[in-house]
Amino acid sequence: MREILSACPLDCFDACSLVAQVENGKIIAVRGNKDHSVTKGMICPKGRAHVERMYAPDRLLKPLIKTDSGFQPIQWDEALDLIASKMRAVLEQHGPAGILHNYDYGYEGLAKQVDQVFFDCLGGVTHHHGSLCWGAGTTAAELDFGSYRGHNPEDLMTSDFMILWGRNPAVTNIHFLKVIQEVRKNGGEVVLIDPFQTKTAKLVDQWVQIKPGTDLALALGMAHILFRDNLADVEWLKAHAIGWEAYRNQVASYTPEWTSEQTGLSVQVIETLTRKYMKHECASIVMGYGMQRYVNGGNAVRAIHALGATAGKIGHPGAGVTYANKRIGAHVGKPDIPEVKRLRTYPKSKMADFIQKADQPPVEMMWIAKSNPVVQAPDTNATIDAIQSVPFVVAVDMFMTDSAALADLVLPATSVFEEEDYIYSSMFSPSLNYAAQVVEPPAGMLGEFELFAELAGKLGLEAYPAYDRETYFKACLSPLMETAGVSYEDLKRSDFRLREEDVPWADGRFLTPSGKMELYSDRAKGMGLSPVVTWIPPVSPTTAYPYRLITPHTAKSTNSQGFRLVDVRPEVFVSVVDLQEAAFSEGEEVLVRSANGKIVCTVVPDEAGLPGVVKIFEGYWRKSGCVNALTPQLEADMGGQTAYYDTFVQVEVISG
Ligand SMILES: Nc1nc2c(c(=O)[nH]1)N[C@H]1C(S)=C(S)[C@@H](COP(=O)(O)OP(=O)(O)OC[C@H]3O[C@@H](n4cnc5c(=O)[nH]c(N)nc54)[C@H](O)[C@@H]3O)O[C@H]1N2
Ligand SMILES: Nc1nc2c(c(=O)[nH]1)N[C@H]1C(S)=C(S)[C@@H](COP(=O)(O)OP(=O)(O)OC[C@H]3O[C@@H](n4cnc5c(=O)[nH]c(N)nc54)[C@H](O)[C@@H]3O)O[C@H]1N2
Ligand SMILES: [Mo]
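In this report, we go over the structure that sits alongside the text. (Residues numbered from 1 in each chain as written. Chains lettered and ligands numbered in written order. Predicted model: local features only at pLDDT ≥ 70, side-chain atom pairs only at ≥ 80, totals over all residues. Heavy atoms only, no water.)

### A closer look at helix α8 (residues 215–228)
The criterion, for reference: Secondary structure follows DSSP: runs of H or I at least 4 residues long count as helices, runs of E at least 2 residues long count as strands, and numbering of each begins at the N terminus. In this analysis, the expected span of each helix is defined as 1.5 Å times one less than the number of residues it contains. Residue burial is assigned from relative accessible area. The probe radius is 1.4 Å, only protein chains are included, and a residue is buried under 20% of its type maximum, exposed over 50%, and partly exposed in between.
If you check α8, its first and last C-alpha atoms are 20 Å apart, about what 14 residues at 1.5 Å a residue would give, namely 20 Å. Counted residue by residue, α8 has 13 buried out of 14 residues, so it is predominantly covered. Immediately beyond the C-terminal end of α8, within one or two residues, lies Asn230, with a positive phi of roughly 55 degrees.

Below, the structure is given as structure tokens:
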């Protein structure tokens, strides 16, 4: 048996380093790399499942074209000729904006980012702005600090008090559990703020059950208390922040009573939490992405940053406010290609509407890769209609997803084990991981790296760099090599880190236009937002749709990727209080209906659930019932973020 270094390409905080075990040219298992500072030898079932996915009988191995009698295999060359001729026709008639390039976070390696190089070389195709995932928060961090840099895991372990704010690491970020363990082992305290009693709630000292969409109010109210009681670190604010007086004036009206009314927390809980947070020198706040999937999500993250600053915790070891952690990503470049002007962009959260309304030019061709928008984008029914309205759709995936099934041409994708790559995440882990090619791809299979090169050749696209893989990687990684003073060979290992300090903003120098932390942001103003954080209420329920629907991430899957073989109804978690009044009961199948669509779910009681709030995990395919059939194309206050959790539903007995 041989062991070969690889890495997990899933969209995840942890970005694990993997070791593939190979026997007779076949991978028999994969394990976590023991020598990796974050992975520490432990991986999750989703990481191990890369092997199952690669050898799965339903994996796509050949290009498929849609015909009257369903999908039929065609030769690669034929498929690429067809794409080239369709592209040429759209380019001639409508220009590059007639092509829409849809991609998401389905695969986190560099090798498959050549799609962006290709479409940029085509000359500014229609492209999204913002993100379905974390855009409100990353934009908030860019406004406040100039970038989103988090405290590294080892530094967070030295916290003596930690607020986990809307994050569920027991499910989404399992290597963070080591951080929680260390903090508690050293006598520190960990508090979780989440509307649900998640698995994480059982691993912390205190669970604070906040009303959904009101974290903004809590952060404003906590800052109010710090100023009111002269606890605020005004020295820090004077030295390092601009606009702090305007911000202090702003929070003056957000009293504990007001905060209590918004958040559903008692004044005592709010006061005590504030005092504890202030009192501990190494008090950290670590946010997740659930709490920014609201119309006020960006302001909520800005308010939490501002709270950290008011407490004087920014740039302090073991403290700070961590949302994401752009380390390697800040030093990754792109091949040298002519600069492209993206003439037409649309907010990612409104793709379906955009496609239907686009007329100058209309969307004539769509490229779907590394994403499953039918299941994951908001408003599934509208997304299906929109994709079907596009005359020619190409999808690239390892499997016939609900999105690929709508395409005219489906191209298979390679597994991470079949290509050499460099993989990193900007969510938490600060490491770059090398993934060697472990096995050859199936005979004749083109990976996306080769596919775009072939396509560029067929189109005579001279701007597309005719790089081999190594030249491409070097072009992307040269800024990193320069910053770190290392050679390309030095990067061919797991766990490459920049030797910069663990503590962001410790030198008091920020990447904002003013060089300070911006509690007053001209850039926010330029975006049509209040320059200083302000209260924006979450959306309210209506009589027709009285329940707020939260659709968080599940342990069983990364987004839709683990639901391929699942064929059961999703569960709808209903609070026991609501269940007492309801016409349905535990285990019953019910119709969950919103203004956008409906799905059938099985009722599960939530012993600790808030009345008026129901939960269904996201990721289920259409055969089970996509939760996004219920969600609207609603944009948050910033970052093109989807306000998924400002969705309202009715739950009812299935009649007949
Ligand atoms: N197992 C697994 N791991 C994953 C993923 C997955 O699908 N499965 N997905 C990956 C991806 S793409 C992402 S973006 C991350 C997401 O990682 P997380 O942010 O940790 O997970 P979420 O489920 O999005 O939301 C976190 C928590 O926010 C809570 N929440 C909802 N509304 C509110 C609110 O108003 N206030 C507060 N305080 N909390 C609220 C939810 O109840 C949930 O427990 O995880 C990554 N890791
Ligand atoms: N209701 C609701 N909806 C949500 C969320 C929520 O909390 N609630 N969360 C949102 C979040 S945080 C995110 S990040 C998005 C995720 O949205 P998506 O990124 O669309 O979700 P995935 O299900 O991970 O789909 C990725 C697809 O990429 C494919 N893939 C894997 N490897 C490759 C490859 O090498 N090449 C190609 N071409 N394809 C590959 C996978 O097979 C899979 O079908 O969903 C969002 N949707
Ligand atoms: Mo995400």
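### A closer look at the layout of surface pockets
Just so we agree on the cut-off: Computed over the protein atoms alone on a 1 Å grid, cavities are sets of points where a 1.4 Å probe fits but cannot get out and pockets are open sets with protein on both sides within 12 Å along at least five of seven lines; a residue lines them when it has an atom within 4 Å of a point. Grid points are joined across faces, edges and corners, and a volume is the space filled by probe spheres set on the points.
Counted as a void, the second largest pocket has a volume near 1,100 Å³. Considering the residues around the second largest pocket, the lining is formed by 36 residues, among which Tyr103, Tyr105, Gln116, Trp134 and Tyr148 are closest to the centre. For the lining of the second largest pocket, the elements supplying multiple residues, two or more each, are β7 (127–129), α4 (135–144) and α18 (469–484).

### Digging into the pattern of salt bridges
Put simply, the test is: Here, a salt bridge means any side-chain nitrogen of Lys or Arg that lies within 4 Å of a carboxyl oxygen of Asp or Glu.
Scanning all chains against the criterion turns up 30 salt bridges. Between Asp115 and Lys370 there is a salt bridge whose closest N-O contact spans 3.1 Å. Placement of Asp115 in helix α3 (residues 114–123) and of Lys370 in the loop between β15 (365–369) and α15 (373–376) is noted, with a sequence separation of 255 residues between them. Comparing Asp115 with Lys370, the two get one shared label, buried. A salt bridge links Lys474 to Glu470, with the nearest nitrogen and oxygen atoms 3.0 Å apart. Taken as a pair, Lys474 and Glu470 lie in helix α18 at a separation of four residues, close to a single helical turn. Through salt bridges with shared partners, one network takes in Arg228, Asp229, Glu271 and Arg275.

### Considerations on unusual backbone geometry
Following Gln360, the chain continues into Pro361 via a peptide bond in cis, with omega recorded as -5 degrees. Looking at where Pro361 falls in the secondary structure, it is placed in the loop between α14 (351–357) and β15. Positioned with a positive phi, Asn24 is a non-glycine residue whose angle comes to about 50 degrees. Within the secondary structure, Asn24 is located in the loop between β2 (17–23) and β3 (26–32).

### Remarks on the sheet that holds strand β23 (residues 589–593)
Just so we agree on the cut-off: Here, any two strands with at least 2 DSSP bridges between them count as paired. Think of each axis as a best-fit line through the C-alpha atoms, taken over the contacting stretch in the case of a helix, with angles from 0 to 180 degrees between the N-to-C directions.
Strand order around the closed barrel formed by six strands is β21-β25-β22-β24-β23-β26, with mixed pairing between neighbours. For this sheet, the mean inter-axis angle between neighbouring strands, taken without regard to orientation, is 45 degrees. With four bridges connecting them, β23 and strand β26 (residues 647–653) associate as antiparallel partners. Opposite Arg593, over in β26, you have Gln650 as the bridge partner.

### Describing the packing of aromatic side chains
Going by this rule: Each Phe, Tyr or Trp ring (for Trp, its six-membered ring) is paired with any other whose centre lies within 6.5 Å, and the angle between the two planes then decides the class: stacked below 30 degrees, edge-to-face above 60, tilted in between. Lysine NZ or arginine CZ positioned within 6 Å of the ring centre and within 35 degrees of the ring normal marks a charge as sitting over the ring.
Summed over the entire model, instances satisfying the criterion amount to 28 aromatic pairs. A cation over an aromatic ring shows up here: Arg149 above the ring of Trp505, its NZ or CZ 5.5 Å from the ring centre. The ring of Phe196 has Lys615 lying over it, and the distance from NZ or CZ to the ring centre is 4.7 Å.

### Regarding empty space enclosed by the protein
The criterion, for reference: For this classification, Asp, Glu, Lys and Arg are treated as charged, while Ala, Val, Leu, Ile, Met, Phe, Trp, Tyr, Cys and Pro are nonpolar and the rest, including Gly, are polar.
Scanning the entire structure with this criterion turns up four cavities of 30 Å³ or more. Of the voids in this model, the largest cavity is the one considered here, and its volume is about 50 Å³. Residues belonging to the lining of the largest cavity are distributed by class as follows: eight nonpolar, no polar and no charged.

### Considering the packing of helix α2 (residues 76–94) against helix α17 (residues 448–459)
Just so we agree on the cut-off: An angle counts as roughly parallel when it lies under 35 degrees, as roughly antiparallel when it exceeds 145, as roughly perpendicular when it falls between 65 and 115, and as oblique in every other case. Each helix crossing is assigned a hand: it is left-handed if the near helix lies turned anticlockwise from the far helix by less than a right angle, otherwise right-handed if that turn is clockwise. Contacts were defined at the residue level, with two residues in contact if any of their heavy atoms lie within 4.5 Å.
Orientation of α2 relative to α17, taken along the N-to-C sense of each, is 55 degrees, at an axis distance of 9 Å. Regarding the angle of α2 to α17, the classification is oblique. Note on packing geometry: the crossing formed by α2 with α17 is right-handed. Across the interface between the two elements, Trp76, Asp77, Leu80, Asp81, Ile83, Ala84, Met87 and Arg88 of α2 pack against Leu451, Glu454, Leu455, Lys458 and Leu459 of α17.

### Considering the site of ligand 1
Threshold: Throughout, near means a residue has at least one heavy atom within 4 Å of the molecule or strand. In the analysis that follows, any N or O atom pair within 3.5 Å is treated as a polar contact, provided that within protein one partner can donate a hydrogen and the other can accept it, and provided that, for residues neighboring in sequence, both atoms belong to side chains. The Shrake-Rupley method, run with a 1.4 Å probe sphere, supplies the accessible areas, and residue values consider only the shown protein chains as cover.
If you check the shell around ligand 1, you find 35 residues, and the closest are Asp194, Asp215, Arg293, Tyr294 and Ser557. Contacts to ligand 1 include Asp194, whose side-chain N or O atom sits 2.6 Å from an oxygen atom. With respect to ligand 1, the side chain of Tyr294 contributes an N or O atom lying 2.7 Å from a nitrogen atom. About the coverage of ligand 1: the protein hides 99% of its 900 Å² of free accessible area.

### Overview of the packing of α8 against helix α12 (residues 267–279)
Contact geometry for α8 and α12: axes closest at 10 Å, N-to-C directions at 65 degrees. For the element pair α8 / α12, the angle class is roughly perpendicular. Handedness of the α8/α12 crossing: right-handed. For the pair α8 and α12, the contacting residues are Leu218, Met222, Ile225, Leu226 and Arg228 in the first and Ile270, Glu271, Leu273, Thr274, Arg275 and Met278 in the second. Taken together, the residues of the contact of α8 with α12 break down into seven nonpolar, one polar and three charged.

### Details of the pairing of strand β5 (residues 70–73)
With four bridges connecting them, strand β4 (residues 64–67) and β5 associate as antiparallel partners. Within β5, the position partnered with Thr67 by the bridge is Gly70. The hairpin formed by β4 and β5 contains two residues between the paired strands.

Everything listed here is a matter of coordinates, which is why it stays silent on function.
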